[in-house]
Amino acid sequence: MRARLSLPQARRIALNAQALAGVRPAEPVNARAVGRTFAQLQLVQIDSVNIISRSHFLPFFSRLGSYDRTILGTLSGAAPRKMMEYWAHEASYIRPEHFRDLTLWQNRKWVGSAGIDPLLRATLETEIMALLACSRPLTAREVKDRIGHEEEKRRDEWGWNWSSVKRTLEGLFERGVIGAASRNEQFERRYALVDKVLPPALRNGAGTAPAAGSTPAGPAEADRDAAMDRLIEASARAHGIGTLRCFADYFRLPARDAARSVEHLVARGTLERVDVAGWDVPTYLHSAAKIPRRAQGRALLSPFDSLVFERRRLLDLFNFHYRLEIYTPAPKRKYGYYVLPFLLGETLAARVDLKADRQGGRLLVRGAFAEPDAPARTPAELAAELALMARWLELDDVVVVPHGDLAHRLAQEVKRR
């Protein structure tokens, strides 16, 4: 018979797997602690939204509290890298050991070089590869200037007016031929040959660009299957417990192929089929998952946090319906522009619309809303968490705008601090 778990048990497993079940460390946070947390999460999504802080900084604050954000630049931008950029859930920091596996399953052709004239693309690829072979990491603008490419600017593409050089660079990045060695202060990628980015043990000596649409190693189907098994195992470990949909979504892998890997992992004993009270879909428990007696975490979660990636999972685990409303017209937003769920213990107790007013030195709470099952201590705990975030962001005050059913009580608690 399959093991049967209660919903609270499933919640605690998930929170523990995501490093959100325990109390934050009391000692100062060092690079080793950040690296351990990243290794546990397996990936962190990158996004340019900077209304509070760049989104990839927030998951580490949620789990570790105040820390030096330059640590991420060291871990991702200096050899031997513990994290590197590639396409995963979206643009993400990934563990370098997952890079080759992800290139075998990378199918997105978003704003890369697929639409460029083939002759121009081939010429640009040759020039770019020759340049990066003998230079420091360069931004797209620097590459364009170095190779002297000029073209007429186009204004007919909404949102992405990228040059052919930038598109070619992104195409090479998609195919795993070049990598992002770091980012500059304007959040632009600095490109380098991927063997200059990967740790030495993971390099394969590639020095030329493969044909568009191919993968660097020309893998056999067995290689792809083994890569999928490794990625699904990593995803399942980061979840602790979940469904096929959860596991496939983490690295944005095709569900049909992911399903075969789940079967492989069940056969090996890495995953165990379990029943969760109230769930009517096949659910799997990772063999390394642990069930804490209780969850004691407290955290504001980025809209791009890995705990909230899969919205159906969030609803099933926490009865929390969540939608990012950045692209919703302001009059139609229910909660606000950049809304962070607030985790208290094993409950998503509230949500707050936040903005860092850097010029005024204030963390603005533009809306605060309690969930129906929010504990009585939610306003006080949320006020403490907001104060901690403000100090981390080097802001002087927390200001609560009177919007939302939790705003008045939260404002009172903020004033008491």
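Quantities reported herein were computed from a predicted structural model and do not represent experimental measurements.

Thresholds applied
- Sequence order as written defines the numbering, with residues in each chain counted from 1.
- Under the rules for a predicted model, residues below a pLDDT of 70 receive no local features and side-chain atom pairs below 80 are neither given nor counted, while totals for whole chains, interfaces and linings still include all residues.
- With hydrogens and water excluded, all non-hydrogen atoms of the structure serve as input to the side-chain values.
- For Phe, Tyr and Trp, rings pair up if their centres lie within 6.5 Å, where Trp contributes its six-membered ring, and each pair is then called stacked (planes under 30 degrees apart), edge-to-face (over 60) or tilted (otherwise).
- A helix here means a DSSP run of H or I that spans at least four residues, while a strand means a run of E at least two residues long, and both kinds are numbered starting from the N terminus.
- The rule is simple: take the accessible area with a 1.4 Å probe, protein chains only, and divide by the maximum for that residue type; under 20% is buried, over 50% is exposed, in between is partly exposed.
- Ring-over charges, as used throughout, are those where CZ of Arg or NZ of Lys falls within 6 Å of the ring centre and within 35 degrees of the ring normal.
- Domain delimitation follows an automatic or database domain assignment.
- Any two residues whose heavy atoms approach within 4.5 Å are treated as being in contact.
- Once two parts are joined, some of their accessible surface, as seen by a 1.4 Å probe, is lost; buried area is that loss totalled over both.
- In what follows, salt bridge is the name for a side-chain nitrogen of Lys or Arg lying within 4 Å of a carboxyl oxygen of Asp or Glu.
- Distance and chemistry together define a polar contact, namely a pair of N or O atoms within 3.5 Å, with one atom able to donate a hydrogen and the other to accept it when in protein, and with adjacent residues in sequence counting only for side-chain atoms on both sides.
- Each residue is assigned to one of three groups, with Ala, Val, Leu, Ile, Met, Phe, Trp, Tyr, Cys and Pro labelled nonpolar, Asp, Glu, Lys and Arg labelled charged, and all others, Gly among them, labelled polar.
- Note on geometry: axes are lines fitted to C-alpha atoms, helical ones only across the stretch in contact, with angles between N-to-C directions running from 0 to 180 degrees.
- Orientation labels follow simple angle bins: below 35 degrees gives roughly parallel, above 145 gives roughly antiparallel, 65 to 115 gives roughly perpendicular, and whatever is left gives oblique.
- To estimate how far a helix should reach, multiply one less than its number of residues by 1.5 Å.
- In this description, the arc belongs to the directions extending from the helix axis to the C-beta atoms.

(A) Looking closely at the packing of aromatic side chains. Following the criterion strictly, the structure yields nine aromatic pairs and no others. Taking the centre distance of 5.5 Å and the plane angle of 55° together, the rings of Y250 and F309 count as tilted. One end of the pair, Y250, is in helix α11 (residues 244–250); the other, F309, is in the loop between β10 (298–300) and α13 (311–318), with 59 residues separating them in the sequence. Judged by its relative accessible area of 1%, Y250 falls in the buried class. Between F320 and Y322, the aromatic rings sit 6.0 Å apart at their centres with planes inclined by 40°, giving tilted as the arrangement. Just as F320 is buried, Y322 falls in that class too. Three or more aromatic residues link up through ring pairs in this structure, and these residues are F60, F61, Y67 and W392. Taking NZ or CZ as reference, R24 lies 5.5 Å from the ring centre of F61, over its face. We note K166 situated over the ring of W162; from NZ or CZ to the ring centre the distance is 4.8 Å.

(B) Quick look at the domain arrangement of the chain. What the domain assignment reports for the chain is domain 1 (3–96 + 220–285) and domain 2 (323–416). A separation of 26 Å is found between the C-alpha centroids of domain 1 and domain 2. Each side of the interface is counted separately: domain 1 has 19 residues, and domain 2 has 17 residues. Taken together, the two surfaces of domain 1 and domain 2 that pack against each other cover about 1,700 Å², and 64% of this comes from carbon and sulfur. Counting every contact that joins domain 1 to domain 2 gives three salt bridges. Our enumeration of links across domain 1 and domain 2 arrives at seven residue pairs in polar contact (both at pLDDT 80 or more). Of all the elements in the fold, those that place two or more residues in the side of domain 1 that touches domain 2 are α1 (7–17) and α3 (58–64). Counting residues per element, the side of domain 1 that touches domain 2 draws most heavily on α1, which supplies four residues. The residue inventory of the side of domain 1 that touches domain 2, partitioned by class, reads 10 nonpolar, five polar and four charged.

(C) Local environment of the packing of helix α10 (residues 221–239) against helix α12 (residues 255–268). The contact between α10 and α12 brings their axes to 9 Å, and the two run at 75°. By the angle class used here, α10 and α12 are roughly perpendicular. Between α10 and α12, the residues in contact are D225, M228, D229, I232 and E233 and D257, A258, R260, S261, V262, H264, L265 and R268, respectively. Residues belonging to the contact of α10 with α12 are distributed by class as follows: five nonpolar, two polar and six charged.

(D) Examining helix α14 (residues 378–392) more closely. For α14, built from 15 residues, the straight-helix expectation of 21 Å at 1.5 Å per residue is met to within 8% by its first-to-last C-alpha distance of 21 Å. Where burial is concerned, most of α14 is hidden: 12 out of the 15 residues are buried. For α14, the complete set of buried residues consists of T378, P379, L382, A383, A384, E385, L386, A387, L388, M389, A390 and W392. Phi for E394, located one or two positions after α14, is positive at around 60°.

(E) Quick peek at the pattern of salt bridges. According to the stated counting rule, one finds 30 salt bridges in the structure shown. Where E188 meets R141, a salt bridge forms, and the shortest distance between an N and an O atom there is 2.5 Å. Residue E188 is located in the loop between β5 (178–183) and β6 (189–193), and its partner R141 is located in helix α7 (residues 140–147); the two are separated by 47 residues in the primary sequence. Overall, the relative accessible area of 22% leaves E188 in the partly exposed class. The closest approach of N and O atoms between R377 and E381, which form a salt bridge, is 3.5 Å. A relative accessible area of 22% places E381 in the partly exposed class. In the salt-bridge network here, residues are joined through shared partners; they are R24, R298, R377, E381 and E385.

(F) Molecular detail of helix α2 (residues 31–41). Turning to α2, its buried residues are A33, V34, T37, F38 and L41. Buried residues of α2 fall within an arc of 135° about the axis and therefore sit on the same side. Across α2 from its buried face, at more than 90 degrees, point the exposed residues R32 and R36. Where α2 is buried, its residues meet β2 (43–45), α3, α4 (70–77), β4 (91–94), α10 and α11. Near the N-terminus of α2, the side chain that reaches the backbone nitrogen of R32, with its oxygen 3.2 Å away, is that of N30. Looking one or two residues beyond α2, the residue adopting positive phi is Q42, at roughly 80°.

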